[in-house]
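Residues per chain, in single letters:
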Amino acid sequence: MNKKQSWAYSPAPESTGHITLKDQYDLFINGEFIPSTGGKYFDSINPATEGKIAKVAEATKADVDKAVKSARTAYEKIWSKMASKERGKYIYRIARLLQERAREFSVIESMDGGKPIRESRDVDVPLSAAHFFYYAGWADKLQYAFPGRSPKSLGVAGQIIPWNFPLLMAAWKLAPALATGNTLVLKPAETTPLTAMKLAEIIQEAELPPGVINIVTGAGETGRFLVNHSDINKIAFTGSTEVGKYIMKAVAGSGKKYTLELGGKAANIIFEDASVDQAVEGIINSIFFNQGHVCCAGSRLYVQEGIADQIISKLRKRMDTLVVGDPLDKNTDIGAINSIIQLDKIKMFVNMGKDEGGTIYQSSCNLPDKGYWFAPTIFTDVSQSNRIVQEEIFGPVLAIQTFRTVDEVITKANNTPYGLSGGIWTNKGSKIFKVSKEIRAGVIWANTFNKFDPGAPFGGYKESGIGSEGGVEGLRGYVELD
Ligand code: NAI
Ligand code: MG
């Protein structure tokens, strides 16, 4: 219960009785679960309890090689030769099986990564299934996606994904690669491998030809083996800008294609003519959704001067009502921070924000004793040059500034190395058009935030990445055009 509240919701935990998890997950190569040649395992823990959930195999160079070989054989012998309509049917099958097992996947996603069940149930899992459905539809219609051109698959793709949306990032990567006729090796993040391993079960159940999808688990080293493997045609990566830069250097001159979806420091802009209460909810959603573990989070708030005091006071009140705690509880708004490493990074930035002279306000919620938690936090009295305004924190921490004119806020919004997303709140359509045209960001939401659809492309400018995922554009990264 929050200290300032005299009431609390009764606990409403989602049951875990319907899920099946093994104690140990091996690598998924050539349609089978096989142990790592190195014999090493690492634990995937539940960040809300610090308890171990399962042991997961650490893939060696030899394992990655085996996975790539299996993908290559499946590509040459089966997948690239199959009629595109038939490929589409397999992708539909994966989508349907995922829908059927949605409850199980949501619970496991929340246990393994710490996100509230409300989000994994209403966002991650349905949106993942939707991506498979969407790209299944494209499989036999590629000539319409690229009119007048003849799209050809690339071959074997190496796909490396992060821990903030584990299943959804797998879907974003797998579905377009399969639809365009590629085979692949996927590497999930080391803190959240479990829904990918459950997806491997679905892939078996869907009777996808062995080797079309291979899943290797491990940390950065396993990722490096994949990036540097000589028989990979494409690397698709979502994660930190630092690793993105490493990948660009590693593949330079190799002929490998790559798409990178990296960080962000989105500006969420509230004009005086915005609907205030709606905007406050939008701010909450933009930065506290998924503990702020969102590359497109609205981590910089710009409020027009005339309504700044009102917005900030309403925002503080609303922050105090947010329920922070058990990710499996249906009332929870904010779950656990994904890992101790991420928690330390957030704390480091918050201390830095104080040192830089910012005024901090944190929600008065009680945090559980065990697990990794961080209270929703806002900073005012910060300036454009402060590191908490410039750098990606990837936690529930918002830096607030004010502005007077449209041109001023556009300049401020563009003043970061990133350009992934942004938000505008106003009742004037003309302002929406002007601001969204002049802000260099891949997606700009108007009077809403963090809305996704498989048909809408997602990708960034500048250090936020190269290439887009989602929509017709998402197919582009997996084809060669004549
Ligand atoms: P990371 O970039 O290290 O991890 C992402 C994935 O890359 C994981 O699967 C990891 O095992 C793999 N990886 C790590 N080093 C690699 C290498 N040298 N070669 C190939 N693969 C490699 O991100 P990390 O350390 O988990 O998070 C650090 C920061 O990155 C976060 O605080 C956040 O700011 C940002 N981030 C951004 C994400 C986004 O969605 N754009 C997602 C996750 C993190
Ligand atoms: Mg975990």
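Keep in mind it's a predicted model, so treat the numbers as computed, not measured.

Focus: the sheet that holds strand 1 (residues 24-25)
Right, so step 1: Here three strands make up an open sheet; going across it, the order is 1-5-4 and the pairing mixed. The strands lining the two open edges of the sheet, one partner per strand, are strand 1 and strand 4 (41-46).
Right, so step 2: Summarising the sheet, strand 4 and strand 5 (residues 51-57) pair through six bridges and their orientation is antiparallel. Across the sheet, the residue bridging to Ser44 is Ala54, located in strand 5.
Right, so step 3: Most of the contacts of helix 3 (residues 102-113) go to strand 4, to which it runs at about 100°, and overall it touches strand 4 and strand 5.

A short note on the coordination of the magnesium ion (ligand 2)
Right, so step 1: Protein-derived coordination of the magnesium ion (ligand 2) comes from Ser44 (OG), Ile45 (O), Asp112 (O), Asp112 (OD) and Thr191 (O), at a distance range of 2.2 to 2.7 Å.
Right, so step 2: Along the chain, the residues donating to the magnesium ion (ligand 2) are arranged with the sequence spacing S-I-x66-D-x78-T. Of this pair, Ser44 sits in strand 4 while Asp112 sits in helix 3, placing them 68 residues apart in sequence.
Right, so step 3: Of the residues examined, Asp112 reaches a relative accessible area of 1% and is grouped as buried.

Looking at the domain arrangement of the chain
By convention, interface size is frequently given as the accessible area that disappears when the constituent parts associate.
Right, so step 1: In terms of domains, the chain is made up of domain 1 (24-262 + 464-481) and domain 2 (267-446).
Right, so step 2: Domain 1 and domain 2 are separated by 30 Å when their C-alpha centres are compared.
Right, so step 3: Per-residue buried area on domain 1 facing domain 2 is highest for Glu50, Trp163 and Ser464; these three make up 24% of the total on that side.
Right, so step 4: Taken together, the links from domain 1 to domain 2 amount to one salt bridge.
Right, so step 5: When the shortest N-O distance is used, the salt bridge between Asp333 and Arg118 registers 2.9 Å.
Right, so step 6: Inspection of the region where domain 1 meets domain 2 yields twelve residue pairs in polar contact (both at pLDDT 80 or more).

Some points on the sheet that holds strand 14 (residues 359-362)
Right, so step 1: Spatial ordering of the open sheet is given by 14-15-16-13-12-18-19, a layout of seven strands whose pairing is mixed. Strands at the two margins of the open sheet, each flanked by one partner only, are strand 14 and strand 19 (443-446). Recorded for the sheet is a direction-independent mean angle of 20° between the axes of neighbouring strands.
Right, so step 2: Pairing analysis gives five bridges linking strand 13 (residues 300-304) to strand 16 (residues 397-403), with the strands arranged parallel. Among the inter-strand pairings, Gln304 is bridged to a residue of strand 16, identified as Phe403.
Right, so step 3: Helix 11 (residues 305-320) contacts strand 12 (267-270), strand 13, strand 14, strand 15 (377-380) and strand 16 of the sheet and is inclined by roughly 135° relative to strand 13.

Points about the pairing of strand 16
Right, so step 1: With respect to burial, strand 16 is a largely interior element, six of its seven residues being buried.
Right, so step 2: Direction of pairing for strand 15 relative to strand 16: parallel, over a ladder of three bridges. Residue pairing across strands places Thr377 opposite Val397, the latter belonging to strand 16.

Quick notes on the pattern of salt bridges
Right, so step 1: For the coordinates displayed, the defined rule picks out 27 salt bridges.
Right, so step 2: In this structure, Arg103 engages Glu14 in a salt bridge whose closest nitrogen and oxygen atoms are separated by 3.2 Å. One end of the pair, Arg103, is in helix 3; the other, Glu14, is in the segment before strand 1, and 89 residues separate them in sequence.
Right, so step 3: Residue Glu480 pairs with Lys257 through a salt bridge whose shortest N-O separation is 3.4 Å. In this pair, Glu480 is assigned in strand 22 (residues 479-481) and Lys257 in strand 11 (residues 257-261), connecting sequence segments 223 residues apart.
Right, so step 4: Take Glu480: its relative accessible area is 40%, and that puts it in the partly exposed class.
Right, so step 5: One connected set of salt bridges, linked through shared partners, spans Arg101, Glu104, Lys198, Glu201 and Glu205.

Conventions used here
Residues numbered from 1 in each chain as written. Chains lettered and ligands numbered in written order. Predicted model: local features only at pLDDT ≥ 70, side-chain atom pairs only at ≥ 80, totals over all residues. Heavy atoms only, no water. Pairing = 2+ DSSP bridges. Helix = DSSP H or I, 4+ residues; strand = E, 2+ residues; numbered from the N terminus. Contact = heavy atoms within 4.5 Å. Axes fitted to C-alpha atoms, helices over the stretch in contact; angles between N-to-C directions. Donors = N, O, S within 2.8 Å, 3.2 Å for Na, K, Ca; no water. Buried < 20%, exposed > 50% of the residue type's maximum accessible area, 1.4 Å probe, protein only. Domains from an automatic or database assignment. Buried area = accessible area lost by both parts, 1.4 Å probe. Salt bridge = Lys/Arg side-chain N within 4 Å of Asp/Glu carboxyl O. Polar contact = N/O pair within 3.5 Å; in protein donor to acceptor, adjacent residues only side chain to side chain.

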